[in-house]
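In case you want the letters, here they are:
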Amino acid sequence: MAKHQFQTEANQILHLMIHSLYSNKEIFIRELVSNSSDALDKLNMLVLTDEKYKDVAFNPRIDIIADKDAKTLTIKDSGIGMNEEDLMNNLGTIAKSGTKAFLENLSGDQKEDSNLIGQFGVGFYACFMVADKVEVTTKKAGEDKAFVWTSAGDGSFEIEDGEREGHGTTIVMHLKEEEDEFLEVHRIESIIKKYSNHIPFPIFMDKEKFIPAVMDDEGKEEIEPSRTEIVNEQINRANALWTMAKKDITDEEYKDFYSQYCSLK
Ligand code: ADP
Ligand code: MG
């Protein structure tokens with residue numbers, strides 16, 4: 001197992017996420033789902049254009065799994081994945097301009113700064129607003145080895161060998177004591193609908209479904225009682241707007257798509 005230090009700027013963001021920002025926490029889901037979507041886009045592009053990837057299966061999906069017993073929230077994708085070098089470069093430093101701009105715009109006023117994270121994409125590190133430990137298990141498409149990146153957001157991270165079936169990335173967040181709300185299916189579903197409905201890949205989640213009682217022919221006696229069943233359902237709309245007929249797109253969706261798309265790119 002190898003221990004590494006975060007780059008200074010990454011550490012600065014982490015510190016803010018953990019100690020200073022207390023509102024708008026829900027956007028961590030938007031950030032992770034947008035990363036999964038980017039990872040699926042990247043793989044799609046390679047499969048279509050690069051001979052080397054022609055045998056790689058492209059079965060795009062994002063899964064969200066809430067485990068109330070373990071108090072973990074997991075976001076998993078079948079995208080491009082990362083190797084050890086990618087993990088070092090991508091989850092230890094800050095390269096992207098959005099996050100840098102966020103840092104430069106900080107005022108020191110907690111309320112104002114919390115609003116800023118809604119406007120800027122603060123990226124992967126947002127998950128440390130709600131988690132006190134994060135494990136990223138990932139395998140790059142076309143490669144054999146999987147790796148596990150782990151951090152408690154406390155200045156250092158570790159990378160070790162791991163196991164993963166197929167390529168892609170699985171992010172397990174061990175939620176802080178007071179962040180139980182992010183284990184509720186309804187809460188997650190409404191966050192996805194608010195920020196990530198336009199993501200052009202399906203997002204799945206287990207949901208409880210009510211199955212009504214089966215009655216006899218006369219409708220008097222119950223043959224089978226009502227029950228609940230767990231079904232794995234798609235929770236976003238996932239239609240790429242540019243593939244839809246104009247008449248099927250509401251004004252709301254059109255505006256939402258544009259504001260999201262432009263702020264994330
Ligand atoms: P940005 O998405 O703007 O580049 P982030 O902080 O959100 O910044 O993510 C940092 C980088 O980590 C991404 O650019 C990407 O290379 C990598 N990454 C994050 N999540 C994933 C994922 N699910 N699959 C593959 N790579 C990822
Ligand atoms: Mg991102």
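This text goes with the structure placed above it.
Position numbers for residues start from 1 in each chain and track the written sequence from start to end. To label them, take the chains in the order written and letter them from A, then take the ligands in the order written and number them from 1. Two thresholds apply to this predicted model, a pLDDT of at least 70 for residue-level local features and 80 or more for giving and counting side-chain atom pairs, whereas whole-chain, interface and lining totals are computed over all residues. Hydrogens and water are ignored here; the side-chain numbers use all heavy atoms of the structure.

1. So, the sheet that holds strand β4 (residues 131-139)
Strands belonging to one sheet form pairs held by backbone hydrogen bonds; the direction of such a pair is parallel or antiparallel. Taken in spatial order, the nine strands make up an open sheet running β1-β6-β5-β4-β7-β3-β2-β8-β11, and their pairing is mixed. Pairing within the sheet leaves two strands with one partner each, and these edge strands are β1 (2-5) and β11 (227-234). Here the average twist between neighbouring strands, direction ignored, is 25°. One bridge is not enough; two strands pair if DSSP finds at least two bridges between them. Numbering goes from the N terminus for both helices and strands, where a helix is a DSSP run of H or I of at least four residues and a strand is a run of E of at least two. Here strand β2 (residues 62-67) pairs with strand β3 (residues 72-77) via six bridges, running antiparallel. Note on definitions: angles span 0 to 180 degrees between N-to-C directions of axes, and those axes are lines fitted to C-alpha atoms, for helices only across the stretch in contact.

2. Brief notes about the environment of F28
Counting through the fold element by element, F28 comes out in helix α2 (residues 27-49). Each residue is assigned to one of three classes by its accessible area relative to the maximum for its type, calculated with a 1.4 Å probe on protein chains only: buried under 20%, partly exposed between the two thresholds, exposed over 50%. Since its relative accessible area comes to 0%, F28 is described here as buried. Sequence separation of F28 and A126 is 98 residues, and the distance between their C-alpha atoms is 4.9 Å. Beyond its immediate stretch of four places on either side in the chain, F28 contacts L73, A126, C127, V130, M173 and F182. Note on definitions: a residue-residue contact is assigned when non-hydrogen atoms from the two residues lie within 4.5 Å.

3. Focus: helix α6 (residues 185-195)
Every buried residue of α6 is accounted for by I188, E189, I191, I192 and Y195. Angularly, the buried residues of α6 cover 160° about the axis, an arc narrow enough to put them on a single face. The arc in question is formed by the directions pointing from the helix axis toward the C-beta atoms.

4. Some words on the environment of K100
You can see K100 is positioned in helix α4 (residues 97-105). Owing to a relative accessible area of 30%, K100 belongs among the partly exposed residues under this scheme. Distance in space between the C-alpha atoms of K100 and V122 is 8.7 Å, their sequence separation being 22 residues.

5. A look at the pattern of salt bridges
By salt bridge we mean one thing: a side-chain nitrogen of Lys or Arg within 4 Å of a carboxyl oxygen of Asp or Glu. For the structure shown, the criterion picks out 14 salt bridges. We note a salt bridge from R227 to E229, for which the minimum N-O separation is 2.9 Å. Members of the salt-bridge network, linked through shared partners, are E26, E181, R187 and K194.

6. Observations regarding helix α1 (residues 8-19)
Between the first and last C-alpha of α1 there are 16 Å, a value that for twelve residues agrees with the 16 Å anticipated at 1.5 Å per step. Residues of α1 that are buried: A10, I13, L14, L16 and M17. End-on view of α1: buried residues confined to an arc of 160°, all on one side of the axis. Expected helix span is given by 1.5 Å per residue-to-residue step, counting one fewer step than there are residues.

7. Things to note about the nonpolar core
Grouped together as the largest cluster of nonpolar side chains are 53 residues, with contacts concentrated most on F28, I29, L73, F124, V134, W149 and M173. If sequence neighbours within four positions are ignored, V134 has contacts with F124, C127, F128, W149, T150, S151, I171, V172 and M173. Counting six residues, the second largest nonpolar core, distinct from the first, contains L43, Y53, I80 and A141. The criterion is simple. A nonpolar core is a set of buried Ala, Val, Leu, Ile, Met, Phe, Trp, Tyr and Cys residues joined through side-chain atoms within 4.5 Å.

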